[in-house]
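Examining the three-dimensional arrangement
Residue-level listing of the chains:
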Amino acid sequence: MIVTTGDSTSPHMKERARHMADAFGHVYAERRKQSLTGLARKYGDDEFLIYTNNSVRYKQLGVTELTYHPSMAFVRAKRILSGEADTMIRASGAAQGDEVLDCTAGFAADALVFAVVVGAAGRVVAVESEPSLFALVHEGLQLYASDVAEVNEAMRRIELQRADHLQKLKSMPERSMDIVYFDPMFREPVTHSSAFNPMRTMTNQEALTRQAIEEAMRVARKRVVMKELRRSPEFARLGFNRVVQTGSKLAYGVIDIADNSIV
């Protein structure tokens, strides 16, 4: 992937772009009024992370273009801050001060909701395996500014890590997180989701394995939770013995850890 800027991007943002490229092994290219097509030919890569003065966007030439935005997570976060309930939070039992591992970060939407709930006393670690998506979301979480200070602070607290979730889980001590959460690509895609379709080419399409769930059960102190379509056979295949329904097509599978008192 090529990390570059707009023609009038500030020196501060150019330095941030250069640092990001160095930190994660990408090519940094000075824009100097060159077209993206020209840079693609020069460096042999059609993927770009483009910094402007107040945002960052991902573009794959002829395929997709995305700018980070918390989308519905922002709406959910505001509702929680106003005292409304959230089904994911109810299913997970997340509370202030909890430590949460989100194994399938994506756009970090659910990680943001968790971060609002657990607060500054808690911790949210979000894992994303796909380099391009990781780069966009890593920078978006730091640069995006909403009009709600609590949401901005929650975004900045998310610890986004580039890793395979199974390898991450294997590396973690037993009972080291309160909640381990999965939101994999649905086995039956919701193809009518126009908001999600541009992101689909960037995501990991692999199904969750039973080994990942077993590792999650070893790491979690309270619960392991997975989001899927409400009638998905994945719940039974992966051993989720309780399913919490939502008011939509979605549901949350729950595994309660045996030595925990949450019911």
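Residues numbered from 1 in each chain as written. Predicted model: local features only at pLDDT ≥ 70, side-chain atom pairs only at ≥ 80, totals over all residues. Heavy atoms only, no water.

An unreviewed UniProt entry lists the chain under the name Class I SAM-dependent methyltransferase, with Paenibacillus apiarius as the source organism.

**Considerations on the packing of helix H5 (residues 109-118) against helix H7 (residues 149-157)**
Applied cut-off: Axis lines are fitted to C-alpha atoms, over the contacting stretch for helices. Their N-to-C directions set the angle, which ranges from 0 to 180 degrees. Strands are runs of DSSP state E lasting at least 2 residues, helices are runs of H or I lasting at least 4, and numbering of each runs from the N terminus. Any angle between 65 and 115 degrees counts as roughly perpendicular, while under 35 counts as roughly parallel, over 145 as roughly antiparallel, and the rest as oblique. Rotating anticlockwise by less than a right angle from the far helix to the near helix defines a left-handed crossing, while the corresponding clockwise rotation defines a right-handed one. Note on definitions: a residue-residue contact is assigned when non-hydrogen atoms from the two residues lie within 4.5 Å. Ten residue types, Ala, Val, Leu, Ile, Met, Phe, Trp, Tyr, Cys and Pro, are classed as nonpolar, four, Asp, Glu, Lys and Arg, as charged, and the remainder, Gly among them, as polar.
Taken N-terminus to C-terminus, the directions of H5 and H7 make an angle of 110°; their axes are 9 Å apart at the nearest point. Classified by the interaxial angle, the pair formed by H5 and H7 is roughly perpendicular. As for how H5 packs across H7, the hand of that crossing is right-handed. Where H5 approaches H7, its residues Leu-112, Ala-115 and Val-116 are matched on the opposing element by Val-151, Ala-154, Met-155 and Arg-157. Residue composition of the contact of H5 with H7, grouped by class: 6 nonpolar, no polar and 1 charged.

**Description of the nonpolar core**
Put simply, the rule is: To qualify as a nonpolar core, a set must consist of buried Ala, Val, Leu, Ile, Met, Phe, Trp, Tyr and Cys residues joined through side-chain atoms within 4.5 Å. Note on exposure labels: buried denotes an accessible area under 20% of the residue type's maximum, exposed denotes more than 50%, and partly exposed covers the range between, all computed with a 1.4 Å probe on protein chains only.
Leu-49 and Tyr-51 are the most contacted members of the largest nonpolar core, which has 54 residues in total. It is H5 that contributes the most residues to this core, 8 residues altogether. Residues Leu-169, Met-226, Phe-235 and Ile-255 belong to the second largest nonpolar core, which totals 22 residues.

**Concerning the sheet that holds strand E12 (residues 250-256)**
In plain terms, the rule: Should DSSP find at least two bridges between two strands, the strands are taken to pair.
The strand order across the open sheet built from 7 strands is E8-E7-E6-E9-E10-E12-E11, with neighbouring strands paired in mixed fashion. A single partner strand is all that each edge strand has here, and the edge strands are strand E8 (159-162) and strand E11 (242-245). Strand-to-strand, the axes of this sheet are offset by a mean angle of 20°, without reference to chain direction. The sheet strands contacting helix H9 (residues 210-219) are strand E9 (177-182), strand E10 (220-229) and E12, and the helix crosses E10 at an angle near 145°.

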